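# Structural description and commentary
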Amino acid sequence: MSSRIIVIGAGICGLSAAIWLRRAGHDVTLLDKDRPGAGASFGNAGLLAQWAIVPVNTPGVLTTGLKYALNPNKPLFLQWSYFPRLIPWLMKFAANANDRDTRRMVAGITGIVADSLDQHLALTRGTRAEKWVASSDFSYAYESRVAFEADAYGWALKRAAGYIPEVLEGGAVQEAEPILGPAIRCLATLKGHGHILNPGAYMADLAAVLLDEGGHYVQAEVQDITLTDGRVSAVETDRGTMPCDAAVLAAGIWSKPLMRKLGLKVPLEAERGYHLHFTAPSQMPRNPMMITTGKFAVNPMAHGLRCAGTVELGGITKGPSRAPLDLIRRGAARAFPDLTYEGVEEWMGFRPSTPDSLPLIGEIGGTGVHAAFGHQHVGLTAGPKTGRIVADLLSGKRPNIDLAPYDANRFS
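No experiment lies behind these values; they were computed from the predicted model shown.

## Examining helix α10 (residues 199–212)
The terminal C-alpha atoms of α10, which comprises 14 residues, lie 20 Å apart, in line with the 20 Å expected from a rise of 1.5 Å per residue. Across the 14 residues of α10, ten count as buried, placing the element largely inside the fold. Of the positions making up α10, those classed as buried are Pro199, Gly200, Tyr202, Met203, Asp205, Leu206, Ala207, Ala208, Val209 and Leu210. Phi turns positive, to about 100°, at Gly214, one or two residues after α10.

## A short note on the side chain of Ser41
Structurally, the position occupied by Ser41 is in helix α2 (residues 40–43). Looking at Ser41, the relative accessible area reads 11%, which means it is buried. Among the polar contacts listed, one links the side chain of Ser41 to the backbone nitrogen of Ile12, at a separation of 2.9 Å. Excluding anything up to four places from it in sequence, Ser41 contacts Gly11, Ile12, Pro199 and Met203.

## Digging into the environment of Asp356
Residue position: Asp356 is located in the loop between β17 (343–353) and β18 (360–363). For Asp356, a relative accessible area of 7% puts it in the buried group. Polar side-chain contacts of Asp356 include one of 2.9 Å to the side chain of Thr354.

## Some remarks on the nonpolar core
If you look at the biggest cluster of nonpolar residues, it comprises 63 residues, and the most contacted ones within it are Leu21, Trp51, Tyr140, Tyr202, Leu206 and Val248. Looking at which element gives the most residues to this core, the answer is helix α1 (residues 12–23), with eight residues. One finds Val222, Ile253, Leu258 and Leu360 within the second-largest nonpolar core, a separate group that totals 52 residues.

## Quick word on a positive patch on the surface
Together, Arg85, Lys92, Arg260 and Lys265 make up a region of like positive charge exposed at the surface. Mapping Arg85 onto the fold places it in helix α4 (residues 83–95). Among the residues examined, Arg85 registers a relative accessible area of 59% and is labelled exposed.

## A few points about helix α13 (residues 379–394)
Given 3.6 residues to a turn, an α-helix orients residues that are three or four positions apart in the same direction. The end-to-end C-alpha separation of α13 is 21 Å, in line with the 22 Å expected for 16 residues at 1.5 Å each. Largest kink in α13: about 30°, centred on Lys385. With 13 of its 16 residues buried, α13 lies for the most part within the structure. With its phi angle positive at about 80°, Gly396 sits one or two positions after the end of α13.

## Side note on the pairing of strand β2 (residues 27–32)
With five of six residues buried, β2 is to be regarded as a mostly interior element. Considered for its hand, the β-α-β crossover made up of strand β1 (residues 4–8), α1 and β2 is right-handed.

## Describing the environment of Glu342
Mapping Glu342 onto the fold places it in the loop between α12 (322–335) and β17. Residue class for Glu342 comes out exposed when judged on its relative accessible area of 71%. A C-alpha to C-alpha distance of 30 Å links Glu342 and Thr189, two positions 153 residues apart in sequence. Residues in contact with Glu342, not counting those within four places in the same chain, are Thr279 and Ala280.

## Focus on the pattern of salt bridges
Taken as a whole, this structure holds 20 salt bridges when the rule is applied. In this structure, Glu312 engages Arg272 in a salt bridge whose closest nitrogen and oxygen atoms are separated by 2.7 Å. Linking Glu312 in strand β16 (residues 304–313) with Arg272 in strand β13 (residues 269–279), this pair joins segments that are 40 residues apart in sequence. This pair shows no difference in class: Glu312 is buried, exactly as Arg272 is. As a salt-bridge pair, Glu346 and Arg322 come within 2.9 Å of each other at their nearest N and O atoms. Placement of Glu346 in strand β17 and of Arg322 in helix α12 is noted, with a sequence separation of 24 residues between them. Residue Arg322 is classed as partly exposed on the basis of its relative accessible area, which comes to 42%. Taken together, the salt bridges that share partners define one network made up of Arg322, Asp326, Arg329 and Glu346.

## Things to note about the sheet that holds β1
Overall, mixed pairing links the six strands, which are arranged β8-β2-β1-β12-β19-β18 in an open sheet. Two strands lie at the open edges of the sheet, namely β8 (216–219) and β18, each paired on one side alone. Adjacent strand axes in the sheet meet at a mean angle of 20°, parallel and antiparallel pairs treated alike. Here four bridges tie β18 to strand β19 (residues 369–373), and the two strands are oriented antiparallel to one another. Looking at β19, one finds that Gly362 is bridged to Ala371.

## Here's the deal with the packing of aromatic side chains
Taken as a whole, this structure holds ten aromatic pairs when the rule is applied. Above the ring of Trp155, the side-chain terminus of Lys158 is found at 4.9 Å from the ring centroid. Between the NZ or CZ atom of Arg388 and the centre of the ring of Trp20, over which it lies, the distance is 4.1 Å.

Definitions and limits used
Residue numbers restart at each chain and count upward from 1, following the sequence in its written direction. Confidence filtering applies because this is a predicted model: local features only for residues at pLDDT of at least 70, side-chain atom pairs given and counted only at 80 or more, and all residues used for totals across whole chains, interfaces and linings. Side-chain numbers come from the whole structure's heavy atoms, not from hydrogens or water. Numbering of helices and strands starts at the N terminus; helices are DSSP runs of H or I of at least 4 residues and strands are runs of E of at least 2. Multiply 1.5 Å by the residue count of a helix minus one, and that product is the helix's expected span. Using a 1.4 Å probe on the protein chains alone, a residue whose accessible area is under 20% of its type maximum counts as buried, one over 50% counts as exposed, and one in between counts as partly exposed. As used in this structure description, the phrase polar contact means that two N or O atoms lie within 3.5 Å; if the pair is within protein, one of them must be able to donate a hydrogen and the other to accept it, and residues adjacent in sequence are counted only when both atoms belong to side chains. We call two residues in contact when some of their heavy atoms are within 4.5 Å. Put simply, buried Ala, Val, Leu, Ile, Met, Phe, Trp, Tyr and Cys residues joined by side-chain atoms within 4.5 Å make one nonpolar core. Patch membership requires more than 30% relative accessible area and the absence of a salt bridge. Residues of like charge join within 9 Å; the nonpolar side chains Val, Leu, Ile, Met, Phe, Trp and Tyr join within 5 Å. Here the accessible surface of atoms and residues is derived via Shrake-Rupley with a 1.4 Å probe, and residues count as covered only by protein chains that are part of the display. We define a salt bridge as a contact between a side-chain nitrogen of Lys or Arg and a carboxyl oxygen of Asp or Glu at a distance within 4 Å. Asp and Glu are treated as the negative residues and Lys and Arg as the positive ones, with His and the ends of the chain left uncounted. Charge placement uses NZ in Lys and CZ in Arg. For Asp and Glu, CG and CD serve respectively. Note on bend: at a given residue it equals the angle between the axes fitted to the 7 residues ending there and to the 7 starting there. Look down the strands so they point away from you; if the path from the first strand over the helix to the second goes clockwise, the crossover is right-handed. Here, strands pair whenever DSSP counts at least two bridges between them. For every element, the axis is a line fit to its C-alpha atoms; helices are fit only across the contacting stretch, and the angle between N-to-C directions ranges from 0 to 180 degrees. For Phe, Tyr and Trp, where Trp contributes only its six-membered ring, two rings pair if their centres lie within 6.5 Å, and the inter-plane angle classes them as stacked under 30 degrees, edge-to-face over 60, or tilted in between. Whether a charge sits over a ring comes down to the Lys NZ or Arg CZ being within 6 Å of the ring centre and within 35 degrees of the ring normal.

In C-alpha cells, the structure reads:
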C-alpha cells in the first residue's frame, strides 16, 4: 500500500531511505535545510569501511583517551569549556568499554557494514550515481611491526569477523604503495573493499536519482513533527505544514532536538571530524589506507587526495579548531614526504555518536516516525543498508537482520 512519506535529512541515510521507499511505490518527499549531502556525507573520508567494526570504546579507552586528550600529537581533542555537558554521555560511553560490550557492539556494527560495497552497488546500479562507487583494497599503515602488534585486540576482533590482513614489512611496503615514505615500515592490507570517488558529487547524483525515479526534494528547515492520536500526521517546516502518513528521521546530529519533540531524550553527541583535501597532488596511493599514528584515513579521489579523521569532542556551536587540522597536516607530511600539491581545502563536520557506538534504526514508539541516524564513523558505509531496512519496515517487510542492537527506543 502506497503511503505519503517524508524523509528528514538529505545525507546518505536519508537519500538511501528515500530512494528505496520510492522504489517500493511510496510517495516520497525528502527534506533538508541545505543541499543534499552538505554535512558529514560531503566531508567524510569516502571509505566503504566494511572493516571498521571495532568501536572506539574498547577496554582501556578511559586511560588512553585521557592521555590523548592531553597530548596535541594524538588524534583526540576536547574543547574543555564543553566538558561539563559531556559528562553524562562520557559515563555511558565508558560503561560500554569492556570486553563483553565491545563484542556486542562489534556484532551490531558488523551487521550493517559487512556488505557495504554490495549495498552501494545495489542502490546505484544502472543510475547516474553508479560511477562514483569503486572497489579497492584497504591498508593500515604502521611505523613498525611492533606498532601493528600493539593493535592485537582490534585485529583479533577483525580476524574473528573474517578480515585477515596481508602484512608487509620493510621495502615491500614502498613496493606496494610507492607514495609512502621511510617512516612507514609495516602495512596490513585487507582485500575486497571499496570507496567513493567524490562524496559530494555522489550525494548530488543520488538526489538526482530520487527525482529521476519520481521522488521529490524540498529545501526546508524542519521545525516540528505533529502527532495526531500518537502518530505522525505532518511535518512542520519554515515553508509550511507538510502532511504525511509516516516519516523517517535521518538528520544526523540534527535529529537530537526532533527526538526531544517526540518525547525521547537520546544521548547523542557530535564527534567533530576534520579533513584536508589536497588538490592536484603529485602522487596518489594505489588504494585507500589508514595512517595509524594519526588515526586518519587517506582516499585517492577523482578530484584530489583526501586525508580525514581525528575526533574532537566539543558540541556543534563552535567553529573548527586548528589542532586537529595541524595534526593531519603533520601526519600526511611524515607519511608522504615527497607529496606536493596545488592547494589544500580544510573542512570540519559532525559525526552523530551514541554511547554504545550503534545507530538508531527503526520505529520510535508507535509514532510512525522511523529513526535512521547515529552512525558515528560508519554513516557513509552503512547508509544504503540503513535506508533499505527502514524502507522495508515502512513497506511491511521483515528485514533479514536482527534489529535489536539498533532499537530506536533503547535509551528511553
